[in-house]
Amino acid sequence: MDDCIFCQIVDGDIPSRTVYEDGDVMAFLDANPLAPGHTLVIPKDHHETLNDLPDDTAAEVFAALHDLTPAVEAAVDADGSNVAFNNGAAAGQEVPHVHGHVVPRFEDDGGNPIHAVAGQRPDLSDDELDGIAADIEAER
Ligand code: 5GP
Ligand code: ZN
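Report follows, based on the coordinates. (Residues numbered from 1 in each chain as written. Chains lettered and ligands numbered in written order. Predicted model: local features only at pLDDT ≥ 70, side-chain atom pairs only at ≥ 80, totals over all residues. Heavy atoms only, no water.)

For the rest of this paragraph, the subject is the packing of aromatic side chains. This structure, assessed with the given rule, holds one aromatic pair. Where phenylalanine 6 meets phenylalanine 28, the ring centres are 5.4 Å apart and the plane angle is 75 degrees; that geometry is what we call edge-to-face. Of this pair, phenylalanine 6 sits in helix α1 (residues 5-10) while phenylalanine 28 sits in strand β2 (residues 25-29), and the two are 22 residues apart along the sequence. Phenylalanine 6 gets classed as buried once you look at its relative accessible area, which sits at 6%. Taking relative accessible area as the criterion, phenylalanine 28 reaches 2% and is therefore assigned buried. (Phe/Tyr/Trp six-rings, centres within 6.5 Å; stacked < 30°, edge-to-face > 60°. Helix = DSSP H or I, 4+ residues; strand = E, 2+ residues; numbered from the N terminus. Buried < 20%, exposed > 50% of the residue type's maximum accessible area, 1.4 Å probe, protein only.)

This part is about the site of ligand 1. Surveying the vicinity of ligand 1 reveals 16 residues, the closest of which are Asp30, Glu94, Val95, His99 and His101. Within the backbone of alanine 31, an N or O atom sits 3.2 Å from a nitrogen atom of ligand 1. In this structure, an oxygen atom belonging to ligand 1 sits 3.0 Å away from a side-chain N or O atom of asparagine 86. Protein chains bury 82% of the 520 Å² of accessible surface belonging to ligand 1 in isolation. Breaking the shell around ligand 1 down by element, the ones donating at least two residues are α1 and β2. Classifying every residue of the shell around ligand 1 gives eight nonpolar, six polar and two charged. (Near = heavy atom within 4 Å. Polar contact = N/O pair within 3.5 Å; in protein donor to acceptor, adjacent residues only side chain to side chain. Areas by Shrake-Rupley, 256 points an atom, 1.4 Å probe, with all protein chains shown as cover. Nonpolar A, V, L, I, M, F, W, Y, C, P; charged D, E, K, R; others polar.)

The structure is reproduced here in structure tokens:
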């Protein structure tokens, strides 16, 4: 994808502070970090969202996240991290090349947990919850 920022990083046309690279996956520091050590993990091939990722690529991306998260935390002496994907424009995804964020967190950093990302919590009945669970199971 010629006009994709992250594809241009993969191709070396845009510089990045790369912290990990293998045949399928790359990880680099976020250019506008939410915290020191904020790292992005991407598949090298262009896929827009998690939903578009082939199974084997998804496994590679998750393996890299699993490997890198403790390294990121240790490098900046973090107390924890949020590891998350903005999956689709409605969820706040700005760069349409799938990427996982590792955002180091520190005691009393004033940030929020993942629970703060959505709008008002829905008030769902037991029947509605049962229906949603069944629909998800059926959609797989
Ligand atoms: P999104 O909102 O799509 O989940 O997050 C995109 C992230 O990419 C943002 O945190 C933003 O700072 C980062 N970003 C955007 N352009 C560049 C770039 O050219 N280089 C790097 N390293 N990060 C970028
Ligand atoms: Zn791309």
